[in-house]
Amino acid sequence: MADIAIATPSRYPGKSRALWMIASRRWPAIAAVLGLVVIWEIITAGFHVPSYMAPSPVEVLAAFRDNGQTLWTNVWPTVFEALLGFFFGNLVAIVVAVWFVHSPTAERAFYPVAVFMHTVPIIALAPILVLLFGNGFTPKIIIAALICFFPTLVNMVRGLRAVSPAALDLMRVLSAKKSEIFWKLRLPSSLPFLFAALKIAATTCVIGAIVAEWIGSSFGLGALIIEATYNFRSSLLYATVLVAALLAVLLFSIVSLAEARLIRWKSPVVG
Amino acid sequence: MNQLAVELTRQAGAHPAISVENLDVVFGAGGKGVTALAGVNVTIPTGGLVTMLGPSGCGKSTLLRALADLVPAAAGEISIFGRSPRLAREARDFAFVFQDATLLPWRSAIDNVRLPLEVGGGAPKHADPAELLDLVGLKGREKALPEELSGGMRQRVAIARALVTRPRILLMDEPFGALDEITRDKLNEELLRIWQETGTTIVFVTHSIPEAVFLGQKVLVLAANPGRVREYVPVELPFPRRLKVRDTLEFVQITAHLRQLLEEC
C-alpha cells in the first residue's frame with residue numbers, strides 16, 4: 001500500500017494521499033503482521049518443522065496457487081450459508097425484539113427460551129439439525145442464523161427501549177400514534193444498538209456456517225478444513241482458515257460501512 | 001354556528017386560555033398516593049405570559065404537565081379554551097417545550113421542526129419551518145444535526161418545533177434551566193420578542209426568580225407539601241422589556257417580595 005502511494009504521487013494526487021494517510025496511520029499494524037509472518041517463516045525453516053505439522057508462509061502461499069480452484073468452489077457454499085443465516089437470524093431477532101417490546105407477556109414467556117437456546121453449545125446443536133434436515137444447506141443456514149439470533153435480540157430489545165421519557169412525552173403531546181412512535185422514534189434510536197449486534201453477527205455467521213459444515217458435509221470451507229486435516233494437507237488447511245477469516249473480515253467491513261453511512265449521529269440517546 | 005364563528009367567539013375571549021378549578025393531582029394509587037397538587041385555582045388570559053415559580057417539589061412542573069394532558073387530574077377541572085386537556089392536545093391547541101431540547105439526533109434542525117406536522121394526523125394549520133428557524137435566529141443551520149449545535153441552539157430548535165403547529169398556548173417547563181446565564185438572558189429576550197410577534201399565550205415554569213419576573217406579566221408562586229398556589233403576583237413592568245429592566249427599583253422590589261414568599265413556603 002505504501003509503495004503504491006509513493007510510486008504514483010503525481011498521477012493520482014488525491015487518491016494516493018488518501019492511501020498514504022491510511023498507510024501512515026496503519027503502518028504499525030502492517031509492520032506487526034509482516035513481522036509475525038517473517039518470524040513464522042524463520043521458525044518453520046530454522047527448526048525444520050515438518051510441513052504437515054506447521055507449514056511455512058511460503059508453503060501456504062503455494063497452497064493458494066495449487067488449490068485455487070478447490071478453495072474457490074468451496075468458498076461459495078459457505079458465503080451462501082453465512083449470508084442467508086445472517087439475514088434470517090437477524091430478521092427473526094428484530095421481529096421478536098419488536099414483539100417483546102410491545103408485549104411484556106411474550107417477553108416473560110419466551111425470553112427464558114431464548115436464553116436457554118443461547119446456552120446450548122452450537123457445536124452440539126449441529127448434529128441434531130443434520131439429523132433433522134439432512135446434509136443440504138438447511139441445517140447450515142439454521143446454525144448460522146441461530147448464532148446471530150441472540151446477540152441481536154438482546155441488543156435490539158435494549159435499543160428499542162433506549163428512548164428517553166422526555167421523547168415519549170413529546171410524542172404524547174403531539175398525539176402520535178403507537179405506530180408513529182415506533183417508526184419515528186423507537187426504530188431510529190435502536191439503530192446504533194442494532195449495528196453493534198450486526199457487527200458481531202457478521203463474524204459469527206461465518207463461524208456458524210463452518211461449524212455446521214464440519215458435521216456431515218461434502219462442500220464448503222468447513223468440509224475442506226476437515227478434509228485437509230485428515231489428509232495432513234496442512235498448507236491447504238491454513239489457506240482455508242485464512243479464506244474463512246478474510247470472509248468474516250469482509251462481512252464485518254460491509255456492515256461497518258453500512259453503519260457509517262446510516263448512522264451519522266454520535267449519541268444513541270435523544271437529548 | 002359554523003367553525004369559523006366558533007373560532008372567533010373563542011378568540012374574542014369567551015373562554016380564558018386556561019382555567020384551572022380546584023385541581024388535585026395525586027401520584028400513586030390507593031392510600032399510599034402522594035398529593036402533588038391540592039386545590040389549585042388559576043386563570044391565564046388569552047395572550048398572557050405567566051411564569052410559575054416555587055421550591056422543588058411544589059408541583060409547578062406537575063401543574064404544567066397536567067395542563068398538557070401528561071398527568072391526569074385526580075379531582076377538579078382544567079379547561080383550555082373551554083376544552084379538556086385531551087381534546088385541546090388533539091386539536092393542537094398547545095405545544096410543550098421541555099427542559100432538555102429533546103431533539104431527535106438523527107434529524108437535522110429543520111426536520112426536527114417538521115416532526116409535529118408528521119405525527120398525530122398533522123396539524124390543522126402550520127407555519128413554515130424555515131421561517132421559524134429564522135425567527136429563532138438559526139437561519140443557515142437548517143441542515144445541522146443536533147449534535148452540531150450548542151445547547152442554546154438546540155433549545156431554539158425546540159422552540160421552533162413547538163411553534164410549527166401555530167399553537168395558541170406554549171407550555172414551557174424550565175426550558176432554559178440547563179443553559180449558561182449569558183445564553184439564558186439572550187433567549188429570555190428573544191422569547192419576549194417571539195411572544196409579542198406571535199401573540200401566543202405562554203406558561204413558563206422556572207426556578208429562577210429574576211427569570212420569572214423578567215418574563216412574566218404575572219408570577220404564579222406555588223408552595224410545597226402539598227403543592228398549592230401561594231400567591232399570584234402581578235409584574236407591573238412595561239413591555240417590551242430589555243435586560244436592563246432588571247436594574248430598576250421596581251424589578252428589585254418584586255424579586256425581593258418573591259424571595260420573601262419562597263422563604264415562607
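Residues numbered from 1 in each chain as written. Chains lettered and ligands numbered in written order. Predicted model: local features only at pLDDT ≥ 70, side-chain atom pairs only at ≥ 80, totals over all residues. Heavy atoms only, no water.

> What is the right way to read the pairing of strand β1 (residues 18-27) of chain B from this model?
Every other side chain in a regular strand lies on the same face of the sheet, so the side chains alternate between the two faces. Residues and elements named next belong to chain B. For β1 and strand β2 (residues 34-44), the ladder comprises seven bridges, and the chain directions are antiparallel. Across the sheet, residue isoleucine 18 finds its bridge partner in β2, namely isoleucine 44. Note that β1 and strand β4 (residues 75-80) share five bridges and pair antiparallel. By the bridge assignment for β4, serine 19 is matched with serine 79. (Pairing = 2+ DSSP bridges. Helix = DSSP H or I, 4+ residues; strand = E, 2+ residues; numbered from the N terminus.)

> What is the right way to look at the interface of chain A and chain B in this model?
Quite often, the size of an interface is put as the accessible area lost when its parts meet. Contacts between the two partners involve 23 residues from chain A and, on the opposite side, 26 residues from chain B. Buried area between chain A and chain B, both sides added, is near 2,200 Å², and the carbon and sulfur share of it is 64%. Three residues stand out in chain A for area buried against chain B, namely Val173, Leu174 and Lys184 of chain A, and they jointly supply 27% of the buried area on that side. Counting every contact that joins chain A to chain B gives three salt bridges. Among the salt bridges present, the one from aspartate 69 of chain B reaches arginine 172 of chain A, with a minimum N-O distance of 3.5 Å. Our count for the contact surface shared by chain A and chain B stands at seven residue pairs in polar contact (both at pLDDT 80 or more). Of all elements in the fold, only α8 (165-173) and α9 (178-214) of chain A reach the threshold of two or more residues within the side of chain A that touches chain B. Among the elements that line the side of chain A that touches chain B, the one with the most residues is α8 of chain A, at seven residues. The residue makeup of the side of chain A that touches chain B, split by class, is 12 nonpolar, four polar and seven charged. (Contact = heavy atoms within 4.5 Å. Buried area = accessible area lost by both parts, 1.4 Å probe. Salt bridge = Lys/Arg side-chain N within 4 Å of Asp/Glu carboxyl O. Polar contact = N/O pair within 3.5 Å; in protein donor to acceptor, adjacent residues only side chain to side chain. Nonpolar A, V, L, I, M, F, W, Y, C, P; charged D, E, K, R; others polar.)

> Looking at this structure, how should I read the packing of aromatic side chains?
A full pass over the atoms with the stated rule returns 14 aromatic pairs over all chains. Considering the side-chain rings of phenylalanine 80 of chain A and phenylalanine 137 of chain A, the 5.0 Å spacing of their centres and the 75 degrees angle between planes classify their relative orientation as edge-to-face. With phenylalanine 80 of chain A in helix α4 (residues 68-102) and phenylalanine 137 of chain A in helix α7 (residues 137-161), this residue pair connects regions lying 57 residues apart in the sequence. Linked through ring pairs, Trp99, Phe100, Phe110 and Tyr111 of chain A together constitute an aromatic cluster. Against the face of phenylalanine 81 of chain B rests arginine 168 of chain B, its NZ or CZ located 3.8 Å from the ring centre. Just above the ring of tyrosine 232 of chain B sits the side chain of lysine 218 of chain B; from NZ or CZ to the centre is 4.0 Å. (Phe/Tyr/Trp six-rings, centres within 6.5 Å; stacked < 30°, edge-to-face > 60°. Lys NZ or Arg CZ within 6 Å of the ring centre and 35° of its normal.)

> So what exactly am I meant to see when it comes to the environment of methionine 171 of chain A here?
Counting through the fold element by element, methionine 171 of chain A comes out in helix α8. When residues no more than four places from it in sequence are discounted, the contact partners of methionine 171 of chain A are Ala176, Glu180, Ile181, Lys184 and Leu185 of chain A together with Leu115 and Val119 of chain B.

> For this particular structure, what's the right way to read the nonpolar core?
Most often, soluble globular proteins have nonpolar side chains that are buried together. Counting residues in hydrophobic clusters, the biggest one holds 94 residues, and the most contacted among them are Leu153 of chain A together with Ile18, Leu23 and Leu171 of chain B. Ranked by the residues each element gives to this core, the list is headed by α9 of chain A, at 12 residues. Those residues in contact with leucine 153 of chain A, other than ones at most four positions away along the chain, are Ala93, Val96, Ala97, Phe100 and Ala114 of chain A. Counting residues in hydrophobic clusters, the runner-up holds 50 residues, among them Ala95, Ala158, Val213 and Leu237 of chain B. (Core = buried A, V, L, I, M, F, W, Y, C linked by side-chain atoms within 4.5 Å. Buried < 20%, exposed > 50% of the residue type's maximum accessible area, 1.4 Å probe, protein only.)

> It is not clear to me how the environment of alanine 202 of chain A should be interpreted in this structure. Could you clarify?
Residue and element names in this part refer to chain A. Structurally, alanine 202 is set in helix α9. In this structure alanine 202 comes out as buried when scored by relative accessible area, which is 1%. Along the sequence, alanine 202 and valine 96 sit 106 residues apart, while their C-alpha atoms lie 19 Å from each other. Apart from residues lying up to four places away in sequence, alanine 202 is in contact with Phe86, Ala248, Leu251, Phe252 and Val255.

> Got a minute to help me understand the packing of helix α6 (residues 151-163) of chain B against helix α7 (residues 181-198) of chain B in this structure?
Each pair of packed helices can be summarised by the angle the axes make with each other and by the distance between the axes. All names here are of chain B. At a closest axis distance of 11 Å, the pairing of α6 and α7 adopts a crossing angle of 20 degrees. Regarding the angle of α6 to α7, the classification is roughly parallel. Handedness of the crossing formed by α6 with α7: right-handed. Of the residues in α7, those touching α6 at Gly152, Arg156, Ile159 and Leu163 are Thr183, Lys186, Leu187, Glu190 and Ile194. Per-class residue counts for the contact of α6 with α7 are four nonpolar, two polar and three charged. (Axes fitted to C-alpha atoms, helices over the stretch in contact; angles between N-to-C directions. Parallel < 35°, antiparallel > 145°, perpendicular 65-115°, else oblique. Left-handed = near helix turned anticlockwise from the far one by under 90°.)

> Just checking my understanding: could you explain the sheet that holds strand β7 (residues 201-206) of chain B for this structure?
Within a beta sheet, neighbouring strands are joined by backbone hydrogen bonds and run either parallel or antiparallel to one another. All names here are of chain B. Pairing within the open sheet is mixed, and its six strands lie in the order β5-β6-β7-β3-β8-β9. Two strands in the sheet have a free side with no partner beyond their single neighbour: β5 (94-97) and β9 (228-234). Sheet twist, expressed as the average angle between the axes of neighbouring strands with direction ignored, equals 20 degrees. As paired elements, strand β6 (residues 169-173) and β7 share five bridges and run parallel to each other. Paired with methionine 172 across the bridge in β7 is phenylalanine 204. Against the sheet, α7 touches β3 (49-53), β6 and β7, its axis set at about 160 degrees to β7. In this fold helix α9 (residues 249-264) packs onto β3, β8 (218-223) and β9, with an angle of close to 175 degrees to the strand it touches most, β9.

> Whenever I open this one, the sheet that holds β4 of chain B confuses me. Can you help?
Residues and elements named next belong to chain B. Taken together, three strands build an open sheet; the order of strands is β2-β1-β4 and the sheet is antiparallel. The two strands at the open ends of the sheet, each matched to only one other strand, are β2 and β4. Each strand of the sheet is rotated relative to its neighbour by a mean of 25 degrees, with strand direction disregarded. Running at roughly 115 degrees to β1, helix α2 (residues 60-67) makes contact with β1, β2 and β4 of the sheet.

> Looking at this model, I keep getting lost on the packing of α8 of chain A against α9 of chain A. Mind explaining?
Residue and element names in this part refer to chain A. At a minimum axis separation of 11 Å, α8 and α9 run at an interaxial angle of 145 degrees. In the crossing of α8 with α9, the sense of the turn from one axis to the other is right-handed. Along the contact surface, α8 presents Ala167, Leu168 and Met171, while α9 presents Glu180, Ile181, Lys184, Leu185 and Arg186. Grouping the amino acids of the contact of α8 with α9 by side-chain chemistry returns five nonpolar, no polar and three charged.

> Any chance you could explain the pattern of salt bridges here in plain terms?
Pairing is possible between side chains of opposite charge, provided their charged atoms come close. Residues and elements named next belong to chain B. Under the defined criterion, the tally for this structure stands at 20 salt bridges over all chains. A salt bridge links arginine 86 to glutamate 90; the shortest N-O distance between them is 3.1 Å. Here glutamate 90 and arginine 86 lie together in helix α3 (residues 85-90), a separation of four residues that amounts to about one turn. Residue glutamate 189 pairs with arginine 242 through a salt bridge whose shortest N-O separation is 3.4 Å. Here glutamate 189 is found in helix α7, whereas its partner arginine 242 is found in the loop between β9 and α9, with 53 residues between them in sequence. Overlapping salt bridges, with partners in common, bring together Arg156, Lys186, Glu190, Arg193 and Glu197 in one network.

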